Amino acid sequence: FILCCEGFAFATPQTVTHDTDNDGKTDQIAHFNKRKELIKLEVDSDGDGVMDRFQIYENAKLVRLERDSNQDGTPDAWDYFEEEKRVRHVRISPETGARTMLVLFDEEERPLKMERIMP
């Protein structure tokens, strides 16, 4: 994860963009608060020009990761973190919005409980 603004081109005082693969397209947008702490990182993980991964930070620590797996512009999977360790994963059906999966993790980030909900 990128936690500083080195190598970024500033778009606004609190937003920084970056082209990590030098293809001429922005594939990361970092958002900083007034104290210059990273609060959100948007990532185009598949190079299609659309941000599909969103990392949310509080007090400079990752607390949530959102993913749009079907490129419809809406996240359909979330990972929640405590002390930067994943504790929960939730996935929904993009068609219905209903939860289809819940995974709880132990302190070593190993799956502890998994629940699949079939439509």
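Use the structure listed above.
Below is a short write-up of the structure.

The rules behind these values
Residues numbered from 1 in each chain as written. Predicted model: local features only at pLDDT ≥ 70, side-chain atom pairs only at ≥ 80, totals over all residues. Heavy atoms only, no water. Helix = DSSP H or I, 4+ residues; strand = E, 2+ residues; numbered from the N terminus. Buried < 20%, exposed > 50% of the residue type's maximum accessible area, 1.4 Å probe, protein only. Contact = heavy atoms within 4.5 Å. Pairing = 2+ DSSP bridges. Lys, Arg positive; Asp, Glu negative; His and termini not counted. Salt bridge = Lys/Arg side-chain N within 4 Å of Asp/Glu carboxyl O. Polar contact = N/O pair within 3.5 Å; in protein donor to acceptor, adjacent residues only side chain to side chain.

Take Phe81: it is sitting in strand β7 (residues 77–82). Classification of Phe81 by relative accessible area gives buried; the value is 14%. Once the C-alpha coordinates of Phe81 and Ile56 are considered, the two residues, 25 residues apart in sequence, prove to be 9.9 Å apart. The residues touching Phe81, leaving out its near neighbours within four places in the chain, are Leu62, Val63, Arg64, Leu65, Arg86 and Val87.

For the rest of this paragraph, the subject is the pairing of strand β10 (residues 111–116). For β10, the buried fraction is low: 0 of the 6 residues fall into the buried class. Here strand β9 (residues 99–105) runs beside β10; their pairing, made up of 5 bridges, is antiparallel. The residue bridging Met101 from the neighbouring strand is Arg116, located in β10. In this antiparallel pair of consecutive strands, β9 and β10, the connection spans 5 residues, and Glu109 shows a positive phi of 65 degrees.

Right, let's talk about the side chain of Asp44 for a bit. Relative to the assigned elements, Asp44 resides in the loop between β4 (38–43) and β5 (53–58). Of the side chains bearing the opposite charge, Lys25 lies closest to the buried Asp44, which forms no salt bridge; the N-O distance is 5.6 Å. Here the side chain of Asp44 touches Asp48 through a polar contact of 3.2 Å, landing on its backbone nitrogen. When neighbours within four sequence positions are excluded, Asp44 is seen to be in contact with Asp27, Gly49, Val50, Met51 and Asp52.

Treat this as a map of the structure, not an account of what it does.
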